[in-house]
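Chain and residue survey
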Amino acid sequence: MDVEKAIEIINAALQEKPLNKFEKMVLRQCWEGRSYEEIATSSGYNVGHVKNIGCQLWKKLSLALGERVTKTNFRNVLKRYSYFQTTLSQLPERQKENAVCLYFTNGYPQQYWQEPIDVSYFYGRTAELATVKTWIVQDRCRMVALLGMAGIGKTAFAVKLAQQLRDEFDYIIWRSLSHAPDLADELAAMIGFFSNHQESVLPNDLDSRILQLIDYLYRYRCLVILDKVESLFATGELVGKYRQGYEEYGKLFKKFGQSLSNSCLLLTSREKPREIALFEGEKLPIRSLQIKGLSRAEISKIFKLKDSFLASEWEWETIGKYYGGNPFLLKMVATKIQDLFNGNISHFLFLQQHCNLIFDNINEFLEEQFNRCSDLEKEIMYWLAINREPMSMVELQSDILSLESKQKLPDSLISLESRSLIENYSATYTPMSEFKDYVNNRLIILISQEITFNKKNLLHRLCLWKSPTGENLLSEEINFILKPIVEKLRQHYEGQANLEKKLNEILLEMRSQLSKLQGYAEINIINLQKVAAIAPKNSGEKPQELADERR
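Conventions we followed
- Residues numbered from 1 in each chain as written.
- Predicted model: local features only at pLDDT ≥ 70, side-chain atom pairs only at ≥ 80, totals over all residues.
- Heavy atoms only, no water.
- Pairing = 2+ DSSP bridges.
- Helix = DSSP H or I, 4+ residues; strand = E, 2+ residues; numbered from the N terminus.
- Axes fitted to C-alpha atoms, helices over the stretch in contact; angles between N-to-C directions.
- Contact = heavy atoms within 4.5 Å.
- Buried < 20%, exposed > 50% of the residue type's maximum accessible area, 1.4 Å probe, protein only.
- Parallel < 35°, antiparallel > 145°, perpendicular 65-115°, else oblique.
- Left-handed = near helix turned anticlockwise from the far one by under 90°.
- Nonpolar A, V, L, I, M, F, W, Y, C, P; charged D, E, K, R; others polar.

Notes on the sheet that holds strand β1 (residues 110-113)
Pairing is parallel across the open sheet formed by six strands, whose spatial order is β1-β3-β4-β5-β2-β6. Each having just a single partner strand, β1 and β6 (286-290) make up the two edges of the open sheet. Going across the sheet, the axis of each strand differs from the next one's by a mean of 15°, ignoring polarity. In terms of strand pairing, strand β4 (residues 222-227) meets strand β5 (residues 264-269) through four bridges, oriented parallel. If you follow L223 over to β5, its bridge partner there is C264. In the packing of helix α7 (residues 126-138) onto the sheet, the strands contacted are β2 (143-147), β5 and β6, and the crossing angle to β6 comes to about 175°.

Rendered as structure tokens:
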């Protein structure tokens, strides 16, 4: 449809009151995507006068076409109205009256929400919402991914965005992929919605169904939201690898990303789909946004929904930073603070900093995300936890023993960053704040278990304490890793004597084997003996020399 055809359709709908020359002038230039300011400049009229003409024009069209018409949606409304008129002319006379009634009582946009989602208490995100709205409305992006760790608010953001974009679309559809539904079923549900369930017989092959859906998305202006896309991806693999049997979703994303469309596919995911990574770009119609944590002011509002809390500005900042501004984690910890500390955040922070409090529900929440990582990704997280300071890729490659792991390190770092588990500071990496203590605690437990059950996996691959001199026992690694391990082992072996015996046995066993195959295990046992105040059996080498030799 061109603009002259559009004017012909409008005049037919207006009947005795066709468009005047000023309205035609504004319509033609709006059709070309010009702003009111540009129209005023080219026509010589005052911009206020042009806006007034436009306002009256959209009101006139809304009354004539039976739905709300705006500067941004009038082209789609006219296409739909034209399609309806063409269909109407082909109906038998007895069906026309019912069809007209259905059209004019069917509010737009038509919406299909698989689950009702409450965003009554939605705080912040003003700048991010404005950015994505610009991408979708002005830049006409056809695929956008909202990324971030679990609990950060991706789903709520997508719902709020859909509410704000309501007038820009003919159809809005929201589907949850949390249970990894079969693609064929999802396509059938969406096609059924768009066709008003008129297309009851669908092709069996997925390629044809995908093309059928894309045809609807081209014909109408649709916002399709697919929530929790990470459910399609495999655990224990690098980010974005599909589970067996779900690879066809990748075909859908790729096909839609490469097709001209009037619609937008909005994805929420903890992990960036590889199709997004492949096709996205700052100036391209496929983009992604990393959802970050909330600000201090927004965090205090979340807490106040629960109850009243006592905290200074510094304490609000500290608790927000500790949990990465994650709304879900903050809601969980707010309940704990209210129940255990009567809302006193200062008392909670004091114990947290001195005792490293562990709450089961928060631990399980973080563990579920950590367990999605590959073995190498987990090893990298342990190395970052040990160092306490950001590490470069060169430093990590120097510490990691396996040649294969060294070669796979770049992709694994990209994968961890995509999962929102690490932060990148000028090409140095550190765990996200909410994961630091979790990874540290997990490492302490696993190393203690390896020593107890005489296993040497992480004990072999990780150097638990790296000291330039090999003598300083006051570093952070001692307080955060070695000392807690010793305390656990001393408790398990019921005293110093039994612990000393166990560590000496392990050390003698290692030295009876080929030392070159031991990795970091020997140096780790020696350093644990030092922290436990056990005199190690003389090896003839200093601990740091052993660590350097193993690399």
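Observations concerning unusual backbone geometry
In this structure, R125 is a non-glycine residue whose phi angle is positive, near 65°. By relative accessible area, which is 6% here, R125 ends up buried. Even without being a glycine, S426 presents a positive backbone phi close to 50°. Classification of S426 by relative accessible area gives exposed; the value is 73%.

Considerations on the packing of helix α3 (residues 36-43) against helix α4 (residues 47-65)
Look at α3 against α4: their axes get within 9 Å of each other, and the N-to-C directions meet at 120°. Considering the angle they form, α3 stands oblique to α4. Considering how the two elements wind past one another, α3 and α4 form a crossing that is right-handed. Together, Y36, E37, I39, A40 and S43 of α3 and V47, V50, K51, G54, C55 and W58 of α4 make up the contact between the two elements.

Description of the packing of helix α1 (residues 3-14) against helix α2 (residues 21-31)
Direction vectors running N to C along α1 and α2 enclose 135°, while the axes themselves pass 10 Å from each other. By the criterion of interaxial angle, the relationship of α1 to α2 is oblique. α2 is crossed by α1, and the crossing has right-handed handedness. Contacts from V3, E4, A6, I7, I10 and N11 in α1 reach K24, L27, R28 and W31 in α2. A per-class count over the contact of α1 with α2 returns six nonpolar, one polar and three charged.

Shape is all these values report; function is a separate question.
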